[in-house]
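# Close look at the chain arrangement
Each chain, written out:
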Amino acid sequence: MIDEKAGKVLEIIKEFANIGAGSAATALSSLLDVELMNDVTTCNLLPLAKVPEWLGGAEQIVAGTYTYLCGDLKSGILVVLPQESALALLNHLTKENIDLAHLTPIQTSALKEVGNICLCWYLIAVSKMIDVDMIPAPPDATVDLLGAVMDLPLASLGEKVDTAIAVHTSFKGIDRQFDGYFLMLPEESTLKLILDKMGEPG
Amino acid sequence: MTEPRSIGIAQLAIVHAPDQLVCLGLGSCVAIVVYDPGLKTGGIVHVLLPRAPPKCDVPEKYADSGVKKLIKELLSHGTSKGRLVAKLVGGAQMFSNLNLAIANIGRENVMEARKTLHEQGVKIVAEELYGSRGRSAVFDSSTGKVTVRTAFGNTRVI
């Protein structure tokens, strides 16, 4: 089922990924008080099992922010920042030396907020395009092995999901660059709804 | 000795000495290791969820059906049920502030694995469980030892 739709969905996702990345860059620019552009945005539809590989291996350390949509659209959403990007962002925001193994409550909160802002701006872009309200639950963040960070998102969708919409964006400023990965794990009904709304009945 | 083979979610493997198996990045997932010290043969199943639904095509994904399949495969490799021992790794709670019923699925995975191992008469000899940190587990079939690493450098051998 999902395979047949994959091509169409990917086209649509590409459109809103670019818009979403643009909005996220603007929002992060004001949060960080630096000029940021979204440099490169790539999109993929991946089987869940391939996601850790796509992100560079299950054993690398990443910062993950997870939430889920409650409403008509059912989807898990995970924002992943590679270790260096998380360090650079937190250092810039808090002006403190960051030890990812022992984040202070303020630093954890900052990390959640960065993830939250990224994912909300993506959602706003999608929501405007398909004219459906998206209501994310309050997110939670953790810094750990990528495989471990992905366990709960995978478990909460169980057998209902086997495809992830994976978007990679490089944000570029004058003296810094960092990467953000945005993963959407939609239930089949959500994929169908997106297609219907975009005039491509699945 | 060859490089340890990586066992992903919903995968199962059996090895003989001196081969090794590794599960990378266990969060709420549980790696169930079952070993026959007499034959130096053992296996791992890497489960995501506690209980298999009635119609289930991937038994390795669930703790109850995964344990049963692992023991069955080990017995078909000539191991003796009386000698089998089990070790459990994983079951962490990675996101503790989410208002989701499933947020502590790791604990349920562990409970179900323990229950099924008990029903099958396989004794659990060591565990490295819970907490909020991810783990990687390397199983060495020549000794039966499992080396558990966390993200920020702690290593423990069970």
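So, a few notes on the structure that sits alongside this text. (Residues numbered from 1 in each chain as written. Chains lettered and ligands numbered in written order. Predicted model: local features only at pLDDT ≥ 70, side-chain atom pairs only at ≥ 80, totals over all residues. Heavy atoms only, no water.)

## Things to note about the overall build of chain B
Formally: Elements are defined by DSSP. Helices are runs of H or I of four residues or more, strands are runs of E of two residues or more, and each kind is numbered from the N terminus. The reference for a compact globule is 2.2 Å times residues^0.38; the radius of gyration itself is calculated from the C-alpha atoms. Note on classification: 1.4 Å probe, protein chains only; a residue is buried when its accessible area is under 20% of the maximum for its type, exposed when over 50%, partly exposed between these limits. In this description, accessible areas are obtained by the Shrake-Rupley approach with a 1.4 Å probe, and a residue is regarded as covered only by the protein chains that are shown. Working convention for charge: Lys and Arg count positive, Asp and Glu count negative, and His plus the chain ends are omitted. Charge positions are represented by NZ for Lys, CZ for Arg, CG for Asp and CD for Glu.
The secondary structure content of chain B amounts to two helices and ten strands. Reading chain B from its N end, one meets helices and strands in the order β-β-β-β-β-α-β-α-β-β-β-β. For a compact globule of 158 residues, the expected C-alpha radius of gyration is about 15 Å, and chain B comes in at 15 Å, within 12% of that figure. Expressed along its principal axes, the backbone C-alpha trace of chain B runs to roughly 45 × 40 × 25 Å. Counting all 158 residues of chain B, 52% fall into the buried class. Of the accessible surface of chain B, which amounts to about 6800 Å², a share of 50% is contributed by carbon and sulfur atoms. In chain B, which carries 20 positive and 13 negative side-chain charges, the distance between the mean positions of the two groups comes to 3 Å.

## Topic: the packing of aromatic side chains
Residue and element names in this part refer to chain A. We apply this condition: Two rings from Phe, Tyr or Trp (for Trp, the six-membered ring) form a pair when their centres are within 6.5 Å of each other. A pair whose planes differ by under 30 degrees is stacked, one over 60 is edge-to-face, and the rest are tilted.
The full count for this structure, using the stated rule, is three aromatic pairs over all chains. Ring plane angle 80° and centroid distance 5.4 Å describe the contact between Trp54 and Tyr181, whose orientation is recorded as edge-to-face. Within this pair, whereas Trp54 is found in helix H2 (residues 51-54), its partner Tyr181 is found in strand E6 (residues 177-186), the two being separated by 127 residues in sequence. Overall, Trp54 belongs to the partly exposed group, its relative accessible area being 24%.

## Thoughts on the environment of Glu3(B)
Residue and element names in this part refer to chain B. Mapped onto the elements, Glu3 comes out in the segment before strand E1 (5-6). Given the relative accessible area of 70%, Glu3 is considered exposed. Considering only alpha carbons, one finds Glu3 and Asp19, 16 residues apart in sequence, at a separation of 8.0 Å.

## Re the interface of chain A and chain B
Test applied: In what follows, a contact means two residues having at least one pair of non-hydrogen atoms within 4.5 Å. Throughout, buried area stands for the accessible area (probe radius 1.4 Å) lost by two parts on being put together, summed over both. Should a side-chain nitrogen of Lys or Arg be within 4 Å of a carboxyl oxygen of Asp or Glu, the pair is scored as a salt bridge. Identification of polar contacts relies on pairs of N or O atoms within 3.5 Å, with a donor-acceptor requirement for protein atoms, meaning one able to donate a hydrogen and the other able to accept it, and with residues adjacent in sequence counted only if both atoms are side-chain atoms.
The partner chain B presents 30 residues to the 29 residues of chain A that form the contact. Considering only the surface of chain A that becomes buried against chain B, Asp140(A), Asp151(A) and Leu152(A) emerge as the three largest contributors, covering 24% of it. Put simply, chain A and chain B have two salt bridges between them. Residue Arg149(B) pairs with Glu59(A) through a salt bridge whose shortest N-O separation is 2.7 Å. Joining chain A to chain B, the criterion identifies eight residue pairs in polar contact (both at pLDDT 80 or more). Among the elements of the structure, strand E2 (61-68), strand E4 (140-145) and helix H5 (146-157) of chain A are those that each provide at least two residues to the side of chain A that touches chain B. When residues of the side of chain A that touches chain B are assigned to their parent elements, the largest contribution, nine residues, is made by H5(A).

## With respect to the pattern of salt bridges
If you walk through the whole model with that rule in mind, you get ten salt bridges over all chains. A salt bridge links Asp144(A) to Arg133(B), with the nearest nitrogen and oxygen atoms 3.6 Å apart. Of the two residues, Asp144(A) sits in strand E4 while Arg133(B) sits in the loop between strand E7 (123-129) and strand E8 (135-140), which places them in two different chains. Take Arg133(B): its relative accessible area is 28%, and that puts it in the partly exposed class. Note that Glu128(B) is salt-bridged to Arg156(B), the shortest N-O span being 2.1 Å. On the criterion of sequence distance, the pair formed by Glu128(B) in strand E7 and Arg156(B) in strand E10 (residues 155-157) is long-range, its members being 28 residues apart. Relative accessible area serves as the criterion here: at 15%, Glu128(B) is assigned to the buried category. Looking at Arg156(B), the relative accessible area reads 46%, which means it is partly exposed. Through salt bridges with shared partners, a single ionic network connects Arg51(B), Glu108(B), Glu112(B) and Lys115(B).

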